[in-house]
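The residues making up each chain are set out below.
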Amino acid sequence: MVNYFELMNLPQHYQIDIAKLQQTLRQLQSKFHPDNNLDASVSEQNLSLSANTDGFLRESIAKLSALKPEQASAIINEAYNTLKNPDSRASHLLALKGISQSINQPIRDLDFLDDAMSFRIDLDDADSQSITLLSKKLTEWLNNYQLAFDEVYQKIDNLAAAEVNDDTLTKQAIDIIQKLQFLVKLQADVAKTTDELAQQNFDNDDDLYV
């Protein structure tokens, strides 16, 4: 499988530099976006690399240059989206360790499910003021589980190859990924509700001038 950390010039750790990820995305897209290759093949584009292109970028381009621009661009975008999101980044790290993941199983942590249900109810009843507090609460919730996964992953990363599939650590990691997946989806719902409330306020302001 493709190691997206190597492709995007990032250390194979859970905590990453998002700004650097975005910078690499722009650099690779400038070389492989289909619209930039209408009049030249990828190989021809590679010949024009500037002298100050760093080594990692040359290596990534060399790996991608055998592909059609559309294929290379798709892999670059997939790598970016995988590493950008905390749940898919965690899944990718485990996959690189050869750890099989059955993360589609239902969450069995009843305390987590109770908290999630309460949050959903509050989100359904949110107004323009309470949505800000809910967003902050969710961010803290996500951060806590990201820290938890990072701690477990570091333990897995320090194991000898023969011990990587340590059952206890693997179960802990997968349990956290399931929760991260749930929270990332919840984050999208919060963003949608925030936009809807903002639009409602805008429409109400317009009514004042009618």
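A brief report on the enclosed structure follows.

### Description of the nonpolar core
At step 1: Counting residues in hydrophobic clusters, the biggest one holds 49 residues, and the most contacted among them are Met 8, Leu 83, Leu 94, Trp 141, Phe 149, Leu 180 and Leu 183.
At step 2: When contributions to this core are tallied by element, the ones reaching two or more residues are α1 (4-7), α2 (18-32), α4 (55-64), α5 (69-84), α6 (86-96), α7 (110-124), α8 (130-157) and α9 (167-207).
At step 3: Tallying contributions element by element places α9 first for this core, with eleven residues.

### So, α6
At step 1: Within α6, eight of the eleven residues are buried, which leaves it mostly tucked inside the rest of the structure.
At step 2: For α6, the complete set of buried residues consists of Pro 86, Asp 87, Arg 89, Ala 90, Ser 91, His 92, Leu 93 and Leu 94.
At step 3: Immediately beyond the C-terminal end of α6, within one or two residues, lies Gly 98, with a positive phi of roughly 80 degrees.

### Looking at the packing of aromatic side chains
At step 1: For the structure shown, the criterion picks out six aromatic pairs.
At step 2: Taken together, a centroid distance of 5.7 Å and an interplanar angle of 75 degrees make the contact between Phe 112 and Phe 182 edge-to-face. Placement of Phe 112 in helix α7 and of Phe 182 in helix α9 is noted, with a sequence separation of 70 residues between them.
At step 3: Accessibility expressed as a relative area gives 2% for Phe 112, which makes it buried.
At step 4: In textbook terms, an aromatic cluster arises when at least three aromatic residues are bridged by ring pairs, as seen for Phe 112, Phe 119, Trp 141, Tyr 145 and Phe 182.

### A word on the pattern of salt bridges
At step 1: Scanning the model with the defined rule gives five salt bridges in all.
At step 2: Here Asp 109 ties to Lys 179 by a salt bridge, and the two come within 2.7 Å at their closest N and O atoms. Taken together, the residues Asp 109 in the loop between α6 and α7 and Lys 179 in helix α9 connect sequence positions 70 residues apart.
At step 3: The buried category is assigned to Lys 179, whose relative accessible area is 4%.
At step 4: Residue Asp 175 pairs with Lys 179 through a salt bridge whose shortest N-O separation is 3.1 Å. With Asp 175 and Lys 179 both in helix α9, this residue pair falls four residues apart, about one helical turn.
At step 5: A relative accessible area of 25% places Asp 175 in the partly exposed class.
At step 6: Three or more residues joined by partner-sharing salt bridges are found here, namely Asp 109, Asp 175 and Lys 179.

Calculation rules
Residues numbered from 1 in each chain as written. Predicted model: local features only at pLDDT ≥ 70, side-chain atom pairs only at ≥ 80, totals over all residues. Heavy atoms only, no water. Core = buried A, V, L, I, M, F, W, Y, C linked by side-chain atoms within 4.5 Å. Buried < 20%, exposed > 50% of the residue type's maximum accessible area, 1.4 Å probe, protein only. Helix = DSSP H or I, 4+ residues; strand = E, 2+ residues; numbered from the N terminus. Phe/Tyr/Trp six-rings, centres within 6.5 Å; stacked < 30°, edge-to-face > 60°. Salt bridge = Lys/Arg side-chain N within 4 Å of Asp/Glu carboxyl O.

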